[in-house]
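Here is what each chain is made of, one letter per residue.
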Amino acid sequence: MRSCVVSGGAAPLAAEGILQGDCLDILRRMPSASVDLVFADPPYNLQLGGELLRPNNTRVDGVDHAWDRFADFATYDRFSRAWLSECRRVLKPNGALWVIGTYHNIFRLGTALQDLGFWMMNDVIWLKTNPMPNFKGTRFTNAHETLIWAARDEKARPTFNYDSMKAFNDDLQMRSDWLIPICSGPERLRDDGGRKAHPTQKPEALLARVLMATTKPGDLVLDPFFGTGTTGAVAKLLRRRFIGIERDPDYVAAASARIAAIEPCDAKAAALITSKRAEPRVPFGMVLERGMLRPGDVLFDAKAEIRAQVMADASLMWNGTRGSIHSVGAKAQGRGACNGWTFWHFEQPKDGLAPIDLLRMEVRKTMGMRAAA
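Residues numbered from 1 in each chain as written. Predicted model: local features only at pLDDT ≥ 70, side-chain atom pairs only at ≥ 80, totals over all residues. Heavy atoms only, no water.

### A look at the overall build of the protein chain
Alright, step 1. Helix and strand counts for the protein chain stand at twelve helices and 15 strands.
Alright, step 2. Among the 373 residues that make up the protein chain, the fraction classed as buried is 43%.
Alright, step 3. The long-range share in the protein chain, meaning contacts at least 24 apart out of those at least 6 apart in sequence, stands at 66%.
Alright, step 4. Here the protein chain displays about 19,600 Å² of accessible surface, and carbon together with sulfur accounts for 52% of that area. (Helix = DSSP H or I, 4+ residues; strand = E, 2+ residues; numbered from the N terminus. Buried < 20%, exposed > 50% of the residue type's maximum accessible area, 1.4 Å probe, protein only. Contact = heavy atoms within 4.5 Å. Areas by Shrake-Rupley, 256 points an atom, 1.4 Å probe, with all protein chains shown as cover.)

Below, the structure written as structure tokens:
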């Protein structure tokens, strides 16, 4: 993906890539409803009162840049609400936004999000395995940062790749506390003098988890505070498209070189596990229409202790009770609900009992149905 330097108000915007310029100026010129996801790592407004020194009197290479300085909270709030408003405008109807911060700013951002009409999905705690110590010994060690995931509005249905994240987490639901190291080692970009190229570079593992969880291959991700391009690097690797906005030419140069070296993963490897909720609906009657089962056939539970007869209208008959595969399955178990596709089994000539869900899968294949991407 190419870089595009934006300096004038009339300059055309690139569809993808790095846009150099002020984030508010560029955001205001972006088309509405054009972005699938926003990931924002804005200035934290750290309010540092002076140099931070280690016990050996060496200076900590912290955040003391002009872009993190605001006259007061009111100034910071006006800035935050301005860029958040523009991000909400450029999001598609089912789009969502992630924003990261610390105790210095995340609560102000959360209030702004709700005031502007965003709908909270989760707050996620990034637990750092290797946080910077509190050298003065006056507070607890700041060992986490907070991310807020918010949908564009209450009606939005943002992407959430639940099954993929569960597989990522060894078949356990992904929790909202993520244990990830801070950016260090070879991943940390350095300038010619060996100093950090950017003081708050985020680890690629953090962005990978965000993008894998809440985007699909081919989605367009916007980062209005692009820095040295972590969002773009991960997006390219995972076959997402990106727009990064950054005003500092040194950061733009570092991000451009970094992203140019990224080789996207294979398209098949980038594919997500398809959620059953996203698959097209197949009624049980279609199984009969295709001759996979016939009226009069018998279905069983997994232990062959419960039997029901298939009727011509695709209902089941069990002990005088007649209804759908779901309602009869629930009645037979004495439960309020039942997934009939997994509860009922049919008898295979050679392999014994198998869930009728296998027949539903075959129907999808014969109709050329594909799960939603």
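### Side note on the pattern of salt bridges
Alright, step 1. Applying the stated rule across the entire model yields 16 salt bridges.
Alright, step 2. A salt bridge links Arg 29 to Asp 25, with the nearest nitrogen and oxygen atoms 3.2 Å apart.
Alright, step 3. Taking the shortest distance from any N to any O, the salt bridge between Lys 365 and Glu 362 comes out at 3.6 Å. Of the two residues, Lys 365 and Glu 362 are both situated in helix 12 (residues 357-366); the distance of three residues between them amounts to about one turn of the helix.
Alright, step 4. Exposure remark for Glu 362: the relative accessible area of 35% places this residue in the partly exposed category. (Salt bridge = Lys/Arg side-chain N within 4 Å of Asp/Glu carboxyl O.)

### Topic: helix 2 (residues 73-90)
Three or four residues apart is the spacing at which side chains of an α-helix point the same way, because the helix has 3.6 residues per turn.
Alright, step 1. A rise of 1.5 Å per residue sets the reference length of helix 2, with its 18 residues, at 26 Å; its end C-alpha atoms lie 26 Å apart and thus fit the reference within 8%.
Alright, step 2. For helix 2, the secondary structure elements touched by its buried residues are helix 1 (23-28), strand 3 (35-40), strand 4 (91-101), helix 3 (106-115) and strand 8 (220-223).
Alright, step 3. Where helix 2 begins, one side-chain oxygen reaches toward the backbone nitrogen of Ala 74, 3.3 Å away; that side chain belongs to Asp 72. (Expected span 1.5 Å × (residues − 1). Polar contact = N/O pair within 3.5 Å; in protein donor to acceptor, adjacent residues only side chain to side chain.)

### A short note on the packing of aromatic side chains
Aromatic ring pairs are described here by two measures, namely the spacing of the ring centres and the angle between the planes.
Alright, step 1. One pass over the full model with this rule turns up nine aromatic pairs.
Alright, step 2. Between the aromatic rings of Phe 226 and Phe 242, the centroid separation amounts to 5.6 Å while the plane-to-plane angle is 10 degrees, which identifies the pairing as stacked. Taken together, the positions of Phe 226 in the loop between strand 8 and helix 6 (230-237) and Phe 242 in strand 9 (residues 241-246) put the pair 16 residues apart, joining distant regions of the chain. Both residues of the pair, Phe 226 and Phe 242, belong to the buried class.
Alright, step 3. Considering the side-chain rings of Phe 343 and Trp 344, the 4.8 Å spacing of their centres and the 75 degrees angle between planes classify their relative orientation as edge-to-face.
Alright, step 4. Each member of the aromatic cluster is reached from another via a ring pair, and the members are Trp 98, Trp 149, Phe 160, Tyr 162 and Trp 178.
Alright, step 5. Lying across the ring of Trp 126, Lys 128 places its NZ or CZ 5.0 Å from the centre. (Phe/Tyr/Trp six-rings, centres within 6.5 Å; stacked < 30°, edge-to-face > 60°. Lys NZ or Arg CZ within 6 Å of the ring centre and 35° of its normal.)

### Regarding unusual backbone geometry
Alright, step 1. In this structure, Ala 33 takes a positive phi of about 50 degrees despite not being glycine.
Alright, step 2. Note on placement: Ala 33 falls in the loop between helix 1 and strand 3.
Alright, step 3. We classify Ala 33 as partly exposed; its relative accessible area is 41%.
Alright, step 4. One non-glycine residue with positive phi stands out, namely Ala 304, at about 60 degrees.
Alright, step 5. Mapping Ala 304 onto the fold places it in the loop between strand 10 (298-300) and strand 11 (307-310).
Alright, step 6. Under the relative-accessibility criterion, Ala 304 is labelled partly exposed at 33%.

### Structural notes on the pairing of strand 9
Alright, step 1. Burial of strand 9 is extensive: five of the six residues sit out of reach of the surface.
Alright, step 2. Bridge analysis of strand 2 (residues 17-20) against strand 9 gives four bridges, and the strand direction is parallel. Bridging across to strand 9, Ile 18 finds its partner in Gly 244.
Alright, step 3. Sheet analysis places strand 8 next to strand 9, joined by four bridges and oriented parallel. (Pairing = 2+ DSSP bridges.)

### Things to note about the packing of helix 6 against helix 7 (residues 249-260)
Alright, step 1. Axis separation between helix 6 and helix 7 bottoms out at 9 Å; the angle between their running directions is 15 degrees. In terms of orientation, helix 6 lies roughly parallel with respect to helix 7. Two packed elements cross with a definite hand, and for helix 6 against helix 7 that hand is right-handed. On helix 7, the residues touching Thr 230, Gly 232, Ala 233 and Lys 236 of helix 6 are Arg 258, Ile 259 and Ala 260. (Axes fitted to C-alpha atoms, helices over the stretch in contact; angles between N-to-C directions. Parallel < 35°, antiparallel > 145°, perpendicular 65-115°, else oblique. Left-handed = near helix turned anticlockwise from the far one by under 90°.)

### Overview of the state of the cysteines
Alright, step 1. Applying the stated criterion across every chain, the model contains zero disulfides.
Alright, step 2. With no disulfide partner, Cys 23 has as its closest neighbouring cysteine sulfur the one in Cys 87, 7.7 Å distant.
Alright, step 3. Since its relative accessible area comes to 7%, Cys 23 is described here as buried. (Disulfide = S-S within 2.5 Å.)

### Looking at the pairing of strand 8
Alright, step 1. Burial along strand 8 is two-sided: Leu 220 and Leu 222 facing one way and Val 221 and Asp 223 facing the other are all buried.
Alright, step 2. The pairing of strand 3 with strand 8 spans two bridges and is parallel. The partner of Val 38 across the bridge, within strand 8, is Leu 222.

Keep in mind that these numbers describe shape and distance, not what the molecule does.
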